[in-house]
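Residue-level structural notes
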Amino acid sequence: MYSEKVMDHFQNPRNVGEIEEASGVGTVGNAKCGDIMRIFLDIDGEGIIRDVKFKTFGCGAAVATSSMATELVKGKTVREAMQVTNKAVMEALDGLPPVKVHCSLLAEEAIHAALWDYAEKNGITIEGLERPRSDIGEQEEEPEY
Ligand code: FES
């Protein structure tokens, strides 16, 4: 059901932990499954992500996607980090079962939330970055009129 890469990142997650005085911190959750993900970014004066750590209280796929997402943004510029979508994370993990796609969305949103925090602290705008939602499940739950 899970690819070898997913199992590897679940069993040996990269970049677990936190960064003190991080340049940006983002926390997102999904109220439906109750999973929470927090990403810490250390960004230098050139806008390059020097270090990244994560803490995830969630399912195995959430751990694997956060681990892969941190690997994908490390060493990248802020602008390049915007390309790390949940699709990119899933591709890098050789796919996820359909019911676990939302876990990768949590990883994308957590990175965006951390970038948003960084942008706010520094009074800058990052192209294409929108105010993050703290609950990625909230849109699914909104009634349709
Ligand atoms: Fe919700 Fe994985 S089951 S993040």
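Please refer to the structure placed before this passage.
In short, a report on the structure. As the structure is a prediction and not an experimental result, all values here were calculated from the model. (Residues numbered from 1 in each chain as written. Predicted model: local features only at pLDDT ≥ 70, side-chain atom pairs only at ≥ 80, totals over all residues. Heavy atoms only, no water.)

1. Overview of the packing of helix α2 (residues 60-73) against helix α5 (residues 101-122)
At a closest axis distance of 8 Å, the pairing of α2 and α5 adopts a crossing angle of 40°. In terms of orientation, α2 and α5 fall into the oblique class. Remark: the crossing between α2 and α5 carries right-handed chirality. Mapping the contact onto sequence places A61, A62, T65, S66, A69 and V73 in α2 and C103, S104, A107 and I111 in α5. Split by residue class, the contact of α2 with α5 holds seven nonpolar, three polar and no charged. (Axes fitted to C-alpha atoms, helices over the stretch in contact; angles between N-to-C directions. Helix = DSSP H or I, 4+ residues; strand = E, 2+ residues; numbered from the N terminus. Parallel < 35°, antiparallel > 145°, perpendicular 65-115°, else oblique. Left-handed = near helix turned anticlockwise from the far one by under 90°. Contact = heavy atoms within 4.5 Å. Nonpolar A, V, L, I, M, F, W, Y, C, P; charged D, E, K, R; others polar.)

2. Concerning the environment of T27
Summarising the element assignment, T27 is placed in strand β1 (residues 24-30). What makes T27 partly exposed here is its relative accessible area of 34%. The spacing of T27 and A113 is 86 residues in sequence and 6.6 Å in space, taken between C-alpha atoms. Not counting residues up to four positions away in its chain, the partners in contact with T27 are I36, M37, R38 and A113. Looking at T27, its side chain comes within polar contact range of the side chain of R38, at 2.8 Å. (Buried < 20%, exposed > 50% of the residue type's maximum accessible area, 1.4 Å probe, protein only. Polar contact = N/O pair within 3.5 Å; in protein donor to acceptor, adjacent residues only side chain to side chain.)

What is shown is where atoms sit, not what they do.
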